[in-house]
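# Structural features, examined
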Amino acid sequence: MKIPKVTGKLREVTAEYARDPSMIVERSYRAISQSDGTYNNLSSSTKSDVMESIRLSAALWFNSMLTGQSPSDEDMEIFRNLGRRRVHQGVDLASLLRAYRVGSKELWNAYLELASKHQGVQNELLFTVSPYLLDHFDEMAQSIAIAYMEEQHGQSRWKDALRYELCNLIFSPPGDIDEFNRVSEAIGIDPTIARVALAFDTNAIDTMPSRMEAELDRVQLVVTRMAKISGSDLVRVMYRGRLIFWMPCIRGDSLLASDRRMGELAARLVETVPEFKQVGVGMMGLGPSGWSGSVDEAVKALEVGERDESGNRVYRYSDIALNEGARRSDNVLRYLESLIERLSHEPDLLRTLECYLDQFQKRKQTADILGIHPNTLNYRLERIQEVTGGTIQDPAWLAKLHVAIRLRKGSL
């Protein structure tokens, strides 16, 4: 479409605006801020950049009206860079386009105010300028939107590459702490905040392989909303067939408080997200080795839980920490096995001890479940003390027997 070249009073005023667009810029920014709260919460430097972008957009319009020519390729590249910068400034595409639309409307309103005072200006705006107006601003909006989406896609690919690098650092001992910190900060993650790994056993996601990442992105969005954290603060990876999420802890939180809170979150997630069957919850970890250790704990808890017939769907490593700690020391493991081995020659004693521990040392309940007389139970407990060389009134001794029983059950 041919670009109109304004004349008379309209040309005179347009030239004035081109020399000093401050009035147009200020009223446009004011209208943009009123229409979208995003622009009220920007940093001072970003606000200045937005003001400058309004100035440039207006200048391109004025120049076209004065010369009858489209913006040059160089000017359009500067204009497209505005869209690219908004990606990194945290302005979403909808807000960007809304701002452009509102700013364009304010520029047009300024012309209409002039036209209300000059009949000649009215006719030129209506019959000469307005047919070109929509084409101009529609073309400019498309140009800035395409630049925004290209930059957003490029940033996403860049962040995906960095996340892949981060996972390699986590699972490749010994962890390079300096490199881990550098990559974390580049992604926008605070490396000084501890994290807990959640390992999910998932139902098959019914989608094409090419759509898998998009589906995982959708699931991740649900997780971030339920955890009330930003999407950029959550890191995921597929590891040993499990979907892993590293959840940020609250700075200064104790390991106990974190474990309880993550267990509660995990329970809500498996109840809410159809793709989640069961979940293992690791313990708090900091740095590459801490993140890796938490994943190993979460996966181990899930593997142990899958052999459980209780119907639970959430398995915390803290519930098996003593058992796993014992497994890692051959001497401790042999000692605990020897306790149970001495009782295994008398099956009634072993069954009685297991029931007694399961019932929290309540004798009446234990006798009822075993279907024996209380005196028989007392005799068996005394016999257990004789065989093991300890006393069941000693909490420390009971703890040893409890761990030994659980290790035996886990090995069967």
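Starting from 1, residues in each chain are numbered consecutively following that chain's sequence as written. With pLDDT at 70 or above as the cut-off, local features in this predicted model cover only qualifying residues; side-chain atom pairs require 80 or more to be listed or tallied, and sums for whole chains, interfaces and linings still use all residues. The basis for every side-chain value is the complete set of heavy atoms in the structure, and neither hydrogens nor water enter the calculation.

### Some thoughts on empty space enclosed by the protein
To keep things clear, this is the line we draw: Space inside and on the surface of the protein is sampled on a 1 Å grid over the protein atoms alone, with a cavity defined as a set of points where a 1.4 Å probe fits but cannot get out and a pocket as an open set with protein on both sides within 12 Å along at least 5 of 7 lines; lining residues have an atom within 4 Å of a point. Grid points are joined across faces, edges and corners, and a volume is the space filled by probe spheres set on the points. To qualify as a helix, a DSSP run of H or I must reach at least 4 residues; to qualify as a strand, a run of E must reach at least 2; elements of each kind are numbered from the N terminus. Just so you know the grouping, Ala, Val, Leu, Ile, Met, Phe, Trp, Tyr, Cys and Pro go in nonpolar, Asp, Glu, Lys and Arg go in charged, and all remaining residues, Gly too, go in polar.
Applying the stated criterion across every chain yields a total of 1 cavity of 30 Å³ or more. Lining of the largest cavity is provided by 21 residues; of these, Ser53, Ile54, Ser57, Ala99 and Tyr100 occupy positions nearest its centre. Among the secondary structure elements, those contributing two or more residues to the lining of the largest cavity are α2 (22-35), α3 (44-67), α4 (73-88), α5 (93-115) and α6 (119-171). Across the lining of the largest cavity, the residue classes tally to 15 nonpolar, 5 polar and 1 charged.

### Re the side chain of glutamate 215
To be explicit about the condition: Partly exposed residues are those whose accessible area sits between 20% and 50% of the maximum for their type, while under 20% is buried and over 50% is exposed, using a 1.4 Å probe and protein chains only. Whenever two N or O atoms come within 3.5 Å, that pair is a polar contact, provided that in protein one can donate a hydrogen and the other can accept it, and provided that, for residues adjacent in sequence, both atoms are side-chain atoms.
Relative to the helices and strands, glutamate 215 resides in helix α8 (residues 212-227). On the basis of relative accessible area, glutamate 215 is assigned to the buried category, the value being 18%. A distance of 3.0 Å separates polar atoms of two side chains, one belonging to glutamate 215 and the other to arginine 218.

### Brief notes about the pattern of salt bridges
Short version of the rule: We count a salt bridge whenever a side-chain nitrogen from Lys or Arg sits within 4 Å of a carboxyl oxygen from Asp or Glu.
By the definition in use, this model includes 28 salt bridges. Linking arginine 251 and aspartate 190 is a salt bridge whose minimum nitrogen-to-oxygen distance equals 2.7 Å. Placement of the pair is arginine 251 in the loop between β3 (242-248) and α9 (255-272) and aspartate 190 in the loop between α7 (177-187) and β1 (195-202), with a sequence separation of 61 residues. Beyond isolated ion pairs, a larger network of salt bridges with shared partners links Arg27, Glu106 and Glu113.

### Re the packing of aromatic side chains
Here the distance between the centres and the angle between the planes together describe a pair of aromatic rings. Test applied: Note on aromatic contacts: the rings of Phe and Tyr and the six-membered ring of Trp form a pair at centre separations within 6.5 Å, being stacked when their planes are under 30 degrees apart, edge-to-face when over 60 apart, and tilted otherwise.
As enumerated under the stated definition, the model contains 13 aromatic pairs in all. For the pair tyrosine 17 and tyrosine 111, a centre-to-centre distance of 6.0 Å together with 75° between the ring planes defines the contact as edge-to-face. Here the residue tyrosine 17 occupies a position in helix α1 (residues 8-19), and tyrosine 111 occupies one in helix α5, the gap between them amounting to 94 residues. Assigned by exposure class, tyrosine 17 and tyrosine 111 land together as buried. An aromatic cluster of at least three residues, connected via ring pairs, comprises Trp61, Phe79, Tyr100, Tyr132 and Phe137.

### Let's talk about the pairing of β1
The line we're drawing: One requirement defines pairing of two strands: DSSP has to find at least two bridges between them.
Taking burial as the measure, the 8 residues of β1 include 7 buried ones, the bulk of the element. Note that β1 and β3 share 6 bridges and pair antiparallel. When the sheet's bridge partners are listed, alanine 197 is paired in β3 with tryptophan 246. Here β1 pairs with strand β4 (residues 276-281) via 5 bridges, running antiparallel. Bridge assignment links phenylalanine 200 to a residue of β4, and that residue is valine 279.

### Quick word on the side chain of aspartate 201
The cut-off we apply is this: Any pair of residues with heavy atoms lying within 4.5 Å of one another is described as a contacting pair.
Position of aspartate 201 among the secondary structure elements: in strand β1. We classify aspartate 201 as buried; its relative accessible area is 15%. Once residues lying within four places of it in the same chain are set aside, the contact partners of aspartate 201 are Arg242, Glu275, Phe276, Lys277, Gln278, Leu302 and Glu306.

### Section: α7
Defined as follows: The directions considered for the arc are those from the helix axis to the C-beta atoms.
Turning to α7, its buried residues number three or more, namely Phe180, Val183, Ser184 and Ile187. Taken around the axis of α7, the buried residues stretch over an arc of 100°, which confines them to a single face. When the buried face of α7 is taken as reference, the exposed residues oriented beyond 90 degrees from it are Asp178 and Glu185. Where α7 terminates, the next one or two residues include glycine 188, which has phi positive at roughly 105°.

### A closer look at the environment of glycine 282
Structurally, glycine 282 can be placed in the loop between β4 and α10 (287-306). With 33 residues separating them in the primary sequence, glycine 282 and tyrosine 315 have C-alpha atoms 9.0 Å apart. If we skip the residues at most four places from it in the chain, glycine 282 touches Val196, Ala197, Asp259, Ser294, Glu297, Ala298 and Tyr317.

### Side note on the nonpolar core
To keep it simple, the criterion reads: What we call a nonpolar core is a set of buried Ala, Val, Leu, Ile, Met, Phe, Trp, Tyr and Cys residues that are connected through their side-chain atoms within 4.5 Å.
Within the largest apolar cluster, 46 residues are counted, with the highest numbers of intra-cluster contacts made by Trp61, Phe79 and Tyr111. Put simply, the parts of the chain that give this core at least two residues each are α1, α2, α3, α4, α5 and α6. For tryptophan 61, the contacting residues outside a window of four places in its chain are Leu107, Tyr111, Val129, Tyr132, Leu133, His136 and Phe137. Ala197, Val237, Ala301 and Tyr315 belong to the second largest nonpolar core, which has 26 residues in total.

### Focus on the environment of serine 130
Along the polypeptide, serine 130 turns up in helix α6. The spacing of serine 130 and tryptophan 108 is 22 residues in sequence and 9.5 Å in space, taken between C-alpha atoms. If sequence neighbours within four positions are ignored, serine 130 has contacts with Trp108 and Leu125. Only 2.5 Å separates the side chain of serine 130 from the backbone oxygen of leucine 126, close enough to count as a polar contact.

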